Amino acid sequence: MTYCVGMMLDRGLVLMSDTRTNSGVDNISTFRKMYHWEIPGERIITVMTAGNLATTQGVISQLEERNKAPSERHNSLLEAPTMFKVASIVGNLLQDTIEERAADNGQKAGAGTFSASMIVAGQIKGMEPRLFLVYPEGNFIEASFDTPFFQIGETKYGRPILIRGYDRGMSFESAIKLMTVSFDSTLKANLSVGLPLDLLVIERDNFTPRHERRIDASDPYFASVSASWSEALRSALDGLPDYRMEPAVRPVAERRG
């Protein structure tokens, strides 16, 4: 499983993903799920992936044309005129890859076996930063300030924290702290999501990463936030009004007996 979040702010975009993949409790590996490409001063594009690893690796390989010599590679995302077109390219590749994997495996596996979803984010010069959620069918939706963030993978544990804490005017630092808490809660609830985490900040009209970092198990900031969040939850629980159980009242017939 996996967990990825893409968030839209007034200042730009913040993205975070885990790196765990597993096909059983005793077969756990680490694979990057966040990829970005840039032309300094002109565009920056990020793709995060969740789902069948063969499918997602196939899509990324096609985007980067990894089977060719470096001098012959051609990344269509770097020539797309708009972020909408970027999302369309990724969506079409994802749909085609899923269908090809299913066809190659005949009747033994349906398309759902090879399902995957992706978050596409970035900015092209002269246009607004944009954020898309791409479905396995190849179609996609775009984030707005009514729906300001997208999650893929194991979403349910970290979502309530994002909903309660998000503010479009928040700083990048506050957004990173909010995401860190969301990921910490998810990691504690589901062993199929795990460290290291990849973090990328894209500042509006700055076409290189504003901040990029890998957060591993020894990271002091993550450890501090995790411990502080646990303590804050315990303190908040202790501060809530106490529940009082009234003494049990026996029926009249029982009291007379």
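Residues numbered from 1 in each chain as written. Predicted model: local features only at pLDDT ≥ 70, side-chain atom pairs only at ≥ 80, totals over all residues. Heavy atoms only, no water.

**Comments concerning the overall build of the protein chain**
Okay, step 1: When helices and strands are counted, the protein chain shows six helices and 12 strands.
Okay, step 2: Seen along its three principal axes, the alpha-carbon backbone of the protein chain occupies a region of about 90 × 50 × 35 Å.
Okay, step 3: Residues counted as buried form 43% of the 257 residues belonging to the protein chain.
Okay, step 4: Look at the contacts in the protein chain between residues 6 or more apart in sequence, and 64% of them connect residues 24 or more apart.
Okay, step 5: When the accessible surface of the protein chain is totalled, it reaches about 13,700 Å², and 52% of it is carbon and sulfur. (Helix = DSSP H or I, 4+ residues; strand = E, 2+ residues; numbered from the N terminus. Buried < 20%, exposed > 50% of the residue type's maximum accessible area, 1.4 Å probe, protein only. Contact = heavy atoms within 4.5 Å. Areas by Shrake-Rupley, 256 points an atom, 1.4 Å probe, with all protein chains shown as cover.)

**Side note on helix α2 (residues 83-104)**
Okay, step 1: With 22 residues, α2 extends 31 Å from end C-alpha to end C-alpha; this agrees with the ideal 32 Å at 1.5 Å per step.
Okay, step 2: Residues of α2 that are buried include every one of M83, V86, A87, S88, I89, V90, G91, L93, L94, T97, I98 and A102, and no others.
Okay, step 3: In this structure, the buried side of α2 is in contact with β6 (43-51), α1 (53-64), β7 (116-124), β8 (130-134) and β9 (140-142). (Expected span 1.5 Å × (residues − 1).)

**Comments concerning the sheet that holds β6**
Okay, step 1: Spatially, β5-β6-β7-β8-β9 is the arrangement adopted by the five strands of the open sheet, whose pairing is antiparallel. Whereas interior strands pair on both sides, the edge strands pair on one side only; in this sheet they are β5 (34-39) and β9. The sheet shows a mean angle of 15° between the axes of neighbouring strands, taken without regard to direction.
Okay, step 2: Here five bridges tie β7 to β8, and the two strands are oriented antiparallel to one another. Bridge assignment links M118 to a residue of β8, and that residue is V134.
Okay, step 3: Most of the contacts of α2 go to β7, to which it runs at about 160°, and overall it touches β6, β7, β8 and β9. (Pairing = 2+ DSSP bridges. Axes fitted to C-alpha atoms, helices over the stretch in contact; angles between N-to-C directions.)

**Describing the sheet that holds strand β12 (residues 211-215)**
Okay, step 1: Taking strand neighbours across the sheet as the criterion, the five strands line up as β10-β1-β2-β11-β12 in an open arrangement whose pairing is antiparallel. Looking at strand neighbours, the two that pair on one side only are β10 (149-153) and β12, the edges of this open sheet. Each adjacent strand pair in this sheet contributes to an overall mean axis angle of 10°, direction not counted.
Okay, step 2: Sheet topology places strand β11 (residues 197-203) next to β12; five bridges connect them, and they run antiparallel. Pairing of D198 across the sheet is with R214, part of β12.
Okay, step 3: The strands that helix α4 (residues 172-189) touches are β1 (3-8), β2 (12-17), β11 and β12; relative to β2, the one it contacts most, it runs at about 25°.

**Some details on the environment of S115**
Okay, step 1: By the secondary structure assignment, S115 is in the loop between α2 and β7.
Okay, step 2: Using a relative accessible area of 27% as the deciding quantity, one classes S115 as partly exposed.
Okay, step 3: Taking C-alpha positions, S115 is 31 Å from G165, a pair spaced 50 residues apart along the chain.
Okay, step 4: Those residues in contact with S115 that sit more than four places away from it in its chain are G51, N52, I98 and P136.

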